[in-house]
Each structure stands twice: as structure tokens, then as C-alpha cells.
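# Understanding the architecture of this molecule
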Amino acid sequence: MTLTDAGPLIAIVDADEADHASCVDALNRLTIPLVTTWPAFTEAMYLLARAGGIRAQQALWRLVRTDLLVVADLSPSAVDRSARLMDQYADRPMDLADATLVALAEDRGDRRIFTLDADFQIYRFRGRQRFETVLTP
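Here's a quick rundown of the structure.

About the criteria used
Residues numbered from 1 in each chain as written. Predicted model: local features only at pLDDT ≥ 70, side-chain atom pairs only at ≥ 80, totals over all residues. Heavy atoms only, no water. Helix = DSSP H or I, 4+ residues; strand = E, 2+ residues; numbered from the N terminus. Rg over C-alpha atoms; globule rule 2.2 N^0.38 Å. Buried < 20%, exposed > 50% of the residue type's maximum accessible area, 1.4 Å probe, protein only. Contact = heavy atoms within 4.5 Å. Areas by Shrake-Rupley, 256 points an atom, 1.4 Å probe, with all protein chains shown as cover. Lys, Arg positive; Asp, Glu negative; His and termini not counted. Charge placed at Lys NZ, Arg CZ, Asp CG, Glu CD. Axes fitted to C-alpha atoms, helices over the stretch in contact; angles between N-to-C directions. Left-handed = near helix turned anticlockwise from the far one by under 90°. Nonpolar A, V, L, I, M, F, W, Y, C, P; charged D, E, K, R; others polar. Pairing = 2+ DSSP bridges. Salt bridge = Lys/Arg side-chain N within 4 Å of Asp/Glu carboxyl O. Polar contact = N/O pair within 3.5 Å; in protein donor to acceptor, adjacent residues only side chain to side chain.

## Notes on the overall build of the chain
A count of helical and extended segments in the chain gives five helices and seven strands. Moving toward the C terminus, one meets the helices and strands of the chain in the order β-α-α-β-α-β-α-α-β-β-β-β. For a compact globule of 137 residues, the expected C-alpha radius of gyration is about 14 Å, and the chain comes in at 14 Å, within 12% of that figure. Looking at the chain as a whole, 43% of its 137 residues are labelled buried. Partitioning the contacts of the chain with sequence separation of at least 6, the portion at a separation of at least 24 is 58%. Surface accessibility of the chain: about 7000 Å² in total, with carbon and sulfur atoms responsible for 50%. For the chain, the separation between the mean place of its 15 positive charges and that of its 20 negative charges on side chains is 4 Å.

Here is the structure:
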């Protein structure tokens, strides 16, 4: 399983995205399934609607239907942690999708994330360790 942010999901689906080839290429090196949170999935859906309309959104749903992507539910403690993380990183500010991904990573004990977001170089896993990012530019 590989924790995955919205950016790579968009790039995998949208061939016009600058990072499309590198994200598709990364799929060969990553542990499948990709795992994301509902806020990150929603962000990807919204941005794909703007970029490619319903066809792009359908392609993202296909990733879920074919078990390439799992949308994980958050535990009550991860929900609480997400709120605290948004407070902690309010100076960035940290968005909901990023907060839930960090909280899910902490819940699962896995600090590796497939992302294009440089903020994951700043966020700290369990407050101390850097995230191991796949494909951050």
C-alpha cells in the first residue's frame, strides 16, 4: 500500500498534466494499492472536473473500482489529529487533505507518501521525522 496525495492521482488520470509520465512511471515502483483519504479524493475529483470533466472523474473512479486506489476512512483519533495538525501548521496553512493524509500516515505507522506537494518536506511525521516522499519535485 502507498499513501497517495491528490496531485499524483490527478497526474495519473490527466495526460496533459506536466507530471503525468513520471507519476504513471512511479506506479511500477510503488506498492499497490494506492491509498488516499476522502478529502484528498474530493480535491482530485474537483480539480479533474475542471481539467477534463466527467471523463476524467470517471477515470479516477475506475482506479477505485479496479482496486488500484483505496479511499480510507479515518479513525476518530485521526479526525482529532487532523484538526490539531491544521492548528499546528496554520502558518502554512495546512489544508484538510494534507492534514488527513498526515494523520492517516501516523495511524498506520508509515511515513512514505506519493506526492507532488513540497509541503510534505515541511510536515513532520509524529512531530519529529520527515516524510519519505515519492516524486516531490
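## Focus on the packing of helix α3 (residues 38–65) against helix α5 (residues 96–108)
Each pair of packed helices can be summarised by the angle the axes make with each other and by the distance between the axes. Interhelical geometry of α3 versus α5 gives an angle of 145 degrees and a closest axis separation of 7 Å. Handedness of the α3/α5 crossing: left-handed. Across from Pro 39, Ala 40 and Glu 43 in α3, the residues of α5 making contact are Leu 96, Ala 97, Thr 100 and Leu 101. Here the contact of α3 with α5 is built from residues that sort into five nonpolar, one polar and one charged.

## Remarks on the pairing of strand β3 (residues 69–72)
As defined by bridge partners, strand β2 (residues 34–37) adjoins β3 across four bridges and the pair is classed as parallel. Paired with Leu 34 across the bridge in β3 is Leu 69.

## Brief notes about the pattern of salt bridges
Summed over the entire model, instances satisfying the criterion amount to four salt bridges. Where Arg 81 meets Glu 106, a salt bridge forms, and the shortest distance between an N and an O atom there is 2.6 Å. In this pair, Arg 81 is assigned in helix α4 (residues 76–88) and Glu 106 in helix α5, connecting sequence segments 25 residues apart. Arg 112 is the partner of Glu 132 in a salt bridge, and the nearest nitrogen-oxygen pair spans 3.2 Å. Here Arg 112 lies in strand β4 (residues 112–114) and Glu 132 lies in strand β7 (residues 132–134), a separation of 20 residues in the sequence. Residue classification places Glu 132 among the partly exposed residues on the basis of a relative accessible area of 40%. Take Arg 112: its relative accessible area is 25%, and that puts it in the partly exposed class.

## Thoughts on the side chain of Thr 4
Mapped onto the elements, Thr 4 comes out in strand β1 (residues 2–4). Accessibility expressed as a relative area gives 0% for Thr 4, which makes it buried. Of the polar contacts made by the side chain of Thr 4, one reaches the backbone oxygen of Thr 2; its length is 2.9 Å. If sequence neighbours within four positions are ignored, Thr 4 has contacts with Leu 9, Leu 34, Val 35, Thr 36, Leu 101 and Phe 114.

## Focus: helix α1 (residues 6–13)
Residues that lie three or four places apart on an α-helix share one face, since the helix turns once every 3.6 residues. Summarising burial for α1: six of the eight residues are buried, a large majority. Residues of α1 that are buried sit in contact with β1, α2 (20–26), β2, α3, β3 and β4.

## Comments concerning unusual backbone geometry
With the exception of glycine, the majority of residues adopt a negative phi angle, and the majority of peptide bonds are in the trans configuration. Going from Ile 32 to Pro 33, the amide bond is cis rather than trans, its omega being 15 degrees. The linkage connecting Arg 92 with the following residue, Pro 93, adopts the cis geometry, with an omega of -10 degrees. Here Pro 93 shows up in the loop between α4 and α5. Although it is not a glycine, Asp 67 adopts a positive phi angle of roughly 65 degrees. Positionally, Asp 67 belongs in the loop between α3 and β3. Note on Asp 67: relative accessible area 56%, which makes it exposed.

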